[in-house]
Amino acid sequence: MMLRRDGATACAIVALLASEWAGAAALYAEDETPEALPDQHLVAIDNGVVCAVRNVSNAFSGGALECMNYAGKRLATPFGSDPVAQVSCNKLLCCAVDQATGHAMCWNPSSGMMIESPEVQFVQISVGPRVVCGLQAADRTAICWSHQITGKSHEKALNGRREAVAQVSCGAVHCCAILATSGAVECWGENKHHQLEGPVSERGFSQISAAKNGRFTIALERETGHVFGWGDSSLGEVSNIPQDEPFIHISAGEQFGCGVTVAARKLRCWGRTATLGVEKKLHNLEGHILRSVSAGARMLCVTTEEFRHYCLHTNHFL
């Protein structure tokens with residue numbers, strides 16, 4: 001697995017032209033080409049809050065948004081009973097896309113304070129503790145803006161760069177995007193742990209996930225379903241990525257990564273997973289076919305084929 005070392009494409013907060021999200025694909029049979037599934041129905045965030053889109057009927061429908069903390073206490077959201085198409089959270093910020101209007105609303109899940117966001121329609125959004133990136137519905141441009149817990153945001157532009165992208169993912173100190181045509185990876189932000197130096201693949205990539213701690217990145221290769229990783233691997237975040245079977249969906253937490261396998265639709269994790277108790281709790285998922293996984297700092301949730309959400313830290317279905 002070759003990694004680029006130039007880092008020349010790293011840039012400031014971006015605005016990118018984008019095409020359809022390549023990861024939004026239906027489930028494939030075992031003998032078909034694996035593609036990434038949209039990581040849009042469930043999110044686990046760093047400060048002990050889970051937000052889930054409930055009562056979903058298929059991969060492209062919306063549902064009611066529910067948020068709760070570790071203790072199971074329900075937290076208010078700005079959507080009420082209105083259906084939500086997609087939600088993303090990181091540390092003290094959550095953003096969700098209204099199913100009817102396509103507008104994004106961002107808020108602090110603990111305090112309920114609203115955070116300003118651009119008045120445009122989105123089809124995908126990714127939240128980091130410093131920046132939010134959203135894929136616009138009108139022209140498929142991905143605009144990114146910095147946010148402050150004061151309730152204000154400041155939209156940034158890309159300094160003239162215009163590239164079609166398929167998906168964007170933001171971690172603690174960096175973001176990465178997949179270019180729509182080639183499937184190549186472009187990353188920007190801090191590069192202390194070489195987390196910007198993405199892999200080169202002739203096939204390209206179908207899904208990417210920037211780690212919650214900002215130290216590493218993982219990506220799912222087109223056609224093969226193999227997972228590539230780069231950046232810090234002091235706890236096996238990159239070096240211990242399974243290479244013996246393909247995956248259909250992946251997610252990077254703080255010091256670990258997880259994926260759903262193509263053949264068995266089961267969960268496999270690597271890196272520092274002992275604190276999650278993954279190995280001890282996997283038996284609770286026996287008999288369930290998994291669609292996707294969402295990793296937080298010290299928590300992990302999965303979505304089943306029936307769009308039910310199971311979180312390992314609470315040890316029950318949401």
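Here the residue numbering is sequential within each chain, running from 1 through the sequence in written order. Reporting of local features is limited, given that this is a predicted model, to residues whose pLDDT is at least 70; pairs of side-chain atoms are given and counted only at 80 or more, and all residues count toward the totals for whole chains, interfaces and linings. Side-chain metrics rest on all non-hydrogen atoms present in the structure, leaving aside hydrogens and water.

Engineer: Honestly, the packing of aromatic side chains in this entry has me stumped. Any pointers?
Structural biologist: What describes a pair of aromatic rings is the distance from one ring centre to the other and the angle between the planes of the rings. Planes of paired rings set the category: under 30 degrees apart is stacked, over 60 is edge-to-face and the rest tilted, where pairs are Phe, Tyr or Trp rings (Trp by its six-membered ring) whose centres lie within 6.5 Å. Enumeration over the complete set of coordinates arrives at four aromatic pairs. A ring pair is formed by Phe247 and Trp270, whose centres lie 6.0 Å apart and whose planes are at 70°; its orientation type is edge-to-face. Of the two residues, Phe247 is situated in strand S20 (residues 247–252) and Trp270 in strand S22 (residues 267–271); the sequence distance between them amounts to 23 residues. Each member of the pair, Phe247 as well as Trp270, carries the same accessibility label: buried. Helix and strand assignments come from DSSP, with helices taken as H or I runs of at least 4 residues and strands as E runs of at least 2, each series counted from the N terminus. When a residue's accessible area, from a 1.4 Å probe over protein chains only, is under 20% of the maximum for its type it is buried; when over 50% it is exposed; and in between it is partly exposed.

Engineer: Any chance you could explain the nonpolar core here in plain terms?
Structural biologist: Soluble globular proteins tend to bury their nonpolar side chains together. The nonpolar core is taken to be a set of buried Ala, Val, Leu, Ile, Met, Phe, Trp, Tyr and Cys residues, with the residues joined through side-chain atoms within 4.5 Å. Ranked by size, the top nonpolar core spans 14 residues in total, and within it Cys258, Leu267, Leu290, Val293, Leu300 and Val302 carry the most contacts. When contributions to this core are tallied by element, the ones reaching two or more residues are strand S21 (256–261), strand S23 (290–295) and strand S24 (300–304). For this analysis, residues touch if any pair of their heavy atoms sits within 4.5 Å. The contacts of Leu290, once residues within four sequence positions are left out, are Val260, Arg265, Lys266, Leu267, Leu285, Val302, Thr303, Thr304 and Glu305.

Engineer: Can you help me understand the confidence of the model for the chain in this one?
Structural biologist: Low-pLDDT stretches of the model should not have their predicted coordinates read in fine detail. Per residue, pLDDT captures the predictor's confidence, and it can take any value from 0 to 100. Across the chain, the average pLDDT comes to 77, with 74% of residues at 70 or higher. Counting contacts from residues 1–40, a segment whose pLDDT is below 50, to residues more than four positions away or on other chains yields 135 contacts.

Engineer: Help me understand the pairing of strand S11 (residues 131–136) in this model?
Structural biologist: Remark: a regular strand shows side chains that alternate across the two faces of the sheet. Burial analysis of S11 places six of its six residues in the buried class, which makes it a mostly covered element. Here S11 shows two buried faces, one formed by Val131, Cys133 and Leu135 and the other by Val132, Gly134 and Gln136. Of the strand pairs in this sheet, strand S10 (residues 122–127) and S11 are connected by five bridges, and their pairing is antiparallel. In the strand pairing of S11, Val127 is matched with Val132. Where S10 folds back on S11, the antiparallel hairpin that results is connected by three residues. With five bridges connecting them, S11 and strand S12 (residues 141–147) associate as antiparallel partners. If DSSP finds at least two bridges between two strands, the strands pair.

Engineer: Can you help me understand the sheet that holds strand S15 (residues 174–179) in this one?
Structural biologist: Strand-to-strand pairing in sheets goes through backbone hydrogen bonds, with the strands running parallel or antiparallel. Spatially, S14-S15-S16 is the arrangement adopted by the three strands of the open sheet, whose pairing is antiparallel. Edge positions in the sheet fall to strand S14 (165–170) and strand S16 (185–189), since each of these pairs with one other strand and no more. Mean inter-strand twist for the sheet, computed between neighbouring axes without regard to direction, equals 20°. Of the pairings in the sheet, the one linking S15 to S16 comprises five bridges and is antiparallel in character. By the bridge assignment for S16, Cys175 is matched with Trp188. With axes taken as lines fitted to C-alpha atoms, and helix axes fitted only over the stretch in contact, angles between N-to-C directions fall between 0 and 180 degrees.

Engineer: Any chance you could explain the state of the cysteines here in plain terms?
Structural biologist: Two cysteine sulfurs form what is called a disulfide whenever their separation falls within 2.5 Å. This structure, assessed with the given rule, holds eight disulfides. A sulfur-sulfur distance of 2.0 Å marks the disulfide that ties Cys89 to Cys94. Torsion about the S-S bond of the Cys89 and Cys94 cystine: about 110°, corresponding to right-handed handedness. Judged by its relative accessible area of 2%, Cys89 is buried.

Engineer: Help me understand the pattern of salt bridges, please; the structure alone is not making it clear to me.
Structural biologist: Two side chains that carry opposite charge are able to pair once their charged atoms sit near each other. Salt bridge, as used here: a side-chain nitrogen of Lys or Arg that lies within 4 Å of a carboxyl oxygen of Asp or Glu. Under the definition given, this model contains six salt bridges. With a closest N to O distance of 3.0 Å, Glu190 and Arg130 form a salt bridge. Of the two residues, Glu190 sits in the loop between S16 and strand S17 (205–210) while Arg130 sits in the loop between S10 and S11, which places them 60 residues apart along the sequence. Note on Glu190: relative accessible area 36%, which makes it partly exposed. Look at Arg130 and you get partly exposed, because its relative accessible area is 49%. In this structure, the salt-bridge partner of Arg268 is Glu245, at a minimum N-O distance of 2.7 Å. Of this pair, Arg268 sits in strand S22 while Glu245 sits in the loop between strand S19 (227–231) and S20, and the two are 23 residues apart along the sequence. The network of salt bridges with shared partners includes Arg203, Glu221 and Glu223.

Engineer: Would you take a moment to explain the sheet that holds S17 for this structure?
Structural biologist: Here three strands make up an open sheet; going across it, the order is S17-S18-S19 and the pairing antiparallel. One side of each edge strand has no neighbouring strand; the edge strands of this open sheet are S17 and S19. Going from strand to strand, the sheet's axes swing by 20° on average, the running direction of each strand aside. Sheet topology note: the strand S18 (residues 216–221)/S19 ladder contains five bridges and is antiparallel.

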